[in-house]
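Single-letter residue listing:
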Amino acid sequence: MSTKEELEEKAESCETSEDYVNVATEIAKDLSDKDWAGELMDEGAEWAQTVDELILFAKAADDALGDKERAKQYLIQAKDFGTTTQDFVSLAGAAAAIGDTDTAAEIMTAAQAKCTKIADFFALSKSIQDVLGDADMAKQTIDAAIGKCKTVSDYVDCAKGILDVLGDKDQAKGLFDTAAESCKTGDDCATLAKGALEILEDAALARSLYEKGEAQLETGKDLVALAASAASDLKDPEYAKVIYAKASDRMEKGEELMTLAKSIVDSLEDKSLALDIYNKAEALFSTFDQLAKLAKAILADIGDAAAAGAIYQKTLEANPTSKQLVQVAQALADELQDKPGALKVLAGAELAVKTNDEFKLTTEAILKYADDADWIDAIKDQKERREANAALYTDFLARENECETSGALIMLARSVFAETGDKHYARKLYKRAQKLAHYFPEYLTLADAISADLEDADWVREIYTAQLEKCDDIIKTNDLVDGILANLKDSEWARTIYNGVAQSANKTTDFVRLARIVNEKLDDTQWAGELFDKAADACLDVVGCTTAAGAVLAGLGDAERARSLYTKAETFCENPDDYEILVRSAAEQSGDTGVVRGLVQSAESKLSGARELTSVAEWTLTYLGDKSGARRIYEKALQAPDAASRKSDVILSIKIKLGDEAWAQKLF
């Protein structure tokens, strides 16, 4: 037992709430001085800062002093320090422990204001039942919790709380029906249905919630979440497939479909269905990044190397960079074990190189994967040339990146070959030039350059073959044949081309033109003669015949064929103009006076008018130099039926053309 002096000394040295409570309890017990003990507790309570400290004082006031009023004051004081629901529940429990149910109820009511989570309300409700046994108050707390529900998760938490605290399954189920009206997303519907399964173990209710969500949800993304839950929570893969199908129909973006396919793999492990969805996504993708990502997903999720490889090959159509192509090649070789496909892509990467760094990256890949000795040697040769002429190649690459036309690339390739002898780089540039070429002359220029620098006859032949179908006129055909003869020395191909032209020819001019070409380009006089014969057969007028005759003489020097053409032309002569054309052409083309005289005589025999015969006389002078013959024909003209009306024309011609002024004077 402590003395008063000892207790006074202890009281003066108190520092903590425990110290004050212990000394006050000792004073009340040893000295029975409850007033002093109460004063010491009041002093300690003034320094208290927590709910637990003041509960300690309240319990001591009740136990040691039997002072319930003082204990109540301490508990009321503690309310100011309460920050959580649990603080207030502890206070209410302490009040109930001292028999102060009113204060306990008051504190429990205040505790409700501190509830921030649904779980807080239910914990409080349970405490109210345990501490106060007040069912009405506990129910009011639960009602408050329900009133706080804003999300589906809140309703699920409430349903769980009602079942745990009240054991009321019907009320809990009613909350699921209410919450169903608040579902806005697939996750909401999935959360609600999962709650029905886990909390109520009610599969029928869960199924109805899934069906309601399926009917209400509009986006594919929301339906995917619902389907995944149906598979994992409802354990109904067939129903999940139905929802997935509906989700697929509502998706318009490839990325969404990829998410759908991944969900199918994860939830159903149905790789066949997932691949169908991935294939649907492929149709919506066009960029390299999209397609590469799709290929990786197919390989990772489904393990279908063939399908992934096909997508990787499709990336080549997306105008990828050299670096991107190297990535694809590596994926094909390392992940899909498709070395042939990888090498095909690397060939494209080599063409797409635009910087020295890209060349280095591509070169390393080719040397790693290629097994073609010629290709490997070519890459090594390029590497050595680039390292030896770094500055020059830097300039070449800069110029290449600026080239926008086939012609510019051809010029650059010619410079590359002339300055470095690098056939490989030149070949790459010529391939790019071929892709950019649009016009017939560009292809012919390209073929000339390839022949000169690379001496690649097969490539040149390939270009000419492709352009042959574009030859829609004889000029293009001649230009193409010129290239074939100059670069390929292939006269047989040229002959075949011209034979095709001959098959479609039907006019005199067509045959004449072709005969000249065959004679000049192929030096084939026999074929040229045959074509001239066809030209003769096709003649339908004087001009056609004389044109053919002139060509025969100029090309073959064949006077006999020319003579037969003049003879045929004579059959078409119907007037002086026709005869003039024929006579003049024969004179100028052949210089054969015998032929010309025969034609003039024919004209004299068929023409009868004064003016017409005057023209014949003039031709006799001009082309035969025969004055006596001309004089005879002039006399014939003066005797013509229409001589009286045309006499002045005849006289003027005699004076000027024949130069016989005396005769002209007599005729006046």
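Here is a short report on the structure shown in this document. (Residues numbered from 1 in each chain as written. Predicted model: local features only at pLDDT ≥ 70, side-chain atom pairs only at ≥ 80, totals over all residues. Heavy atoms only, no water.)

Let us now look at the overall build of the protein chain. The helix and strand tally for the protein chain stands at 40 helices and zero strands. Here the C-alpha atoms of the protein chain give a radius of gyration of 56 Å, more than 25% beyond the 26 Å that 2.2 N^0.38 yields for 668 residues. Reported as C-alpha extents along the three principal axes, the dimensions of the protein chain are approximately 185 × 65 × 50 Å. Looking at the protein chain residue by residue over its 668 residues, the buried ones come to 48%. Partitioning the intrachain contacts of the protein chain with sequence separation of at least 6 by distance along the chain shows that 54% fall at a separation of at least 24. Carbon together with sulfur atoms contributes 47% to the accessible area of the protein chain, which is approximately 33200 Å² in total. Mean positive and mean negative side-chain charge positions of the protein chain (78 and 124 charges, respectively) differ by 12 Å. (Helix = DSSP H or I, 4+ residues; strand = E, 2+ residues; numbered from the N terminus. Rg over C-alpha atoms; globule rule 2.2 N^0.38 Å. Buried < 20%, exposed > 50% of the residue type's maximum accessible area, 1.4 Å probe, protein only. Contact = heavy atoms within 4.5 Å. Areas by Shrake-Rupley, 256 points an atom, 1.4 Å probe, with all protein chains shown as cover. Lys, Arg positive; Asp, Glu negative; His and termini not counted. Charge placed at Lys NZ, Arg CZ, Asp CG, Glu CD.)

This part covers a negative patch on the surface. The grouping of Glu5, Glu6, Glu8, Glu9 and Glu12 at the surface amounts to a negative patch. If you trace the backbone, Glu5 turns up in helix H1 (residues 4-12). (Patch = residues over 30% accessible without salt bridge, like charges linked within 9 Å, V, L, I, M, F, W, Y side chains within 5 Å. Salt bridge = Lys/Arg side-chain N within 4 Å of Asp/Glu carboxyl O.)

Inspection of the secondary structure assignment puts Leu607 in the loop between helix H36 (593-606) and helix H37 (610-624). According to the relative accessible area criterion, Leu607 is buried, its value standing at 7%. Each C-alpha atom, one on Leu607 and one on Tyr579, is 9.8 Å from the other, the two residues being 28 residues apart in sequence. Non-local contacts of Leu607, meaning those with residues more than four positions away in its chain, are made with Pro576, Tyr579, Glu612, Leu613 and Val616.

A separate point is the nonpolar core. In terms of nonpolar packing, the biggest core is built from 97 residues, with Tyr430, Ile450, Tyr464, Leu531, Tyr566 and Tyr634 touching the most fellow members. Leave out the neighbours within four places in its chain, and Ile450 touches Tyr430, Glu455, Asp456, Trp459, Val460 and Ile463. Of all hydrophobic cores here, the second largest spans 88 residues; its members include Ala193, Leu226, Ile264 and Leu294. (Core = buried A, V, L, I, M, F, W, Y, C linked by side-chain atoms within 4.5 Å.)

A word on the side chain of Ser406. Structurally, the position occupied by Ser406 is in helix H25 (residues 406-420). Looking at Ser406, the relative accessible area reads 1%, which means it is buried. Contact partners of Ser406, with chain neighbours within four places excluded, come to Ala433, Leu436, Ala437 and Glu442.

This brings us to unusual backbone geometry. One non-glycine residue, Asn319, lies in the positive phi region at around 50°. Assignment of secondary structure puts Asn319 in the loop between helix H19 (305-314) and helix H20 (322-335).

Turning to helix H22 (residues 356-369), a few remarks are in order. With 14 residues, H22 extends 20 Å from end C-alpha to end C-alpha; this agrees with the ideal 20 Å at 1.5 Å per step. Against the buried residues of H22 lie H20, helix H21 (339-352) and helix H23 (373-388). (Expected span 1.5 Å × (residues − 1).)

Turning next to the environment of Leu175. Along the chain, the position of Leu175 falls in helix H11 (residues 169-180). Given a relative accessible area of 7%, Leu175 falls into the buried group. Along the sequence, Leu175 and Tyr155 sit 20 residues apart, while their C-alpha atoms lie 6.3 Å from each other.

For Thr477, the location among the structural elements is in helix H29 (residues 474-488). Of note is the side chain of Thr477, whose polar atom sits 3.1 Å from the backbone oxygen of Asp473. Residue contacts for Thr477: discarding those within four places in its chain leaves Cys471, Ile497, Tyr498 and Val501. (Polar contact = N/O pair within 3.5 Å; in protein donor to acceptor, adjacent residues only side chain to side chain.)

All chains considered together, the criterion is met by zero disulfides. Take Cys545: it sits in no disulfide, and the sulfur closest to it among the cysteines is that of Cys539, at 3.4 Å. Judged by its relative accessible area of 0%, Cys545 falls in the buried class. Cys573 takes part in no disulfide bond, and the closest cysteine sulfur, belonging to Cys545, lies 9.1 Å away. (Disulfide = S-S within 2.5 Å.)

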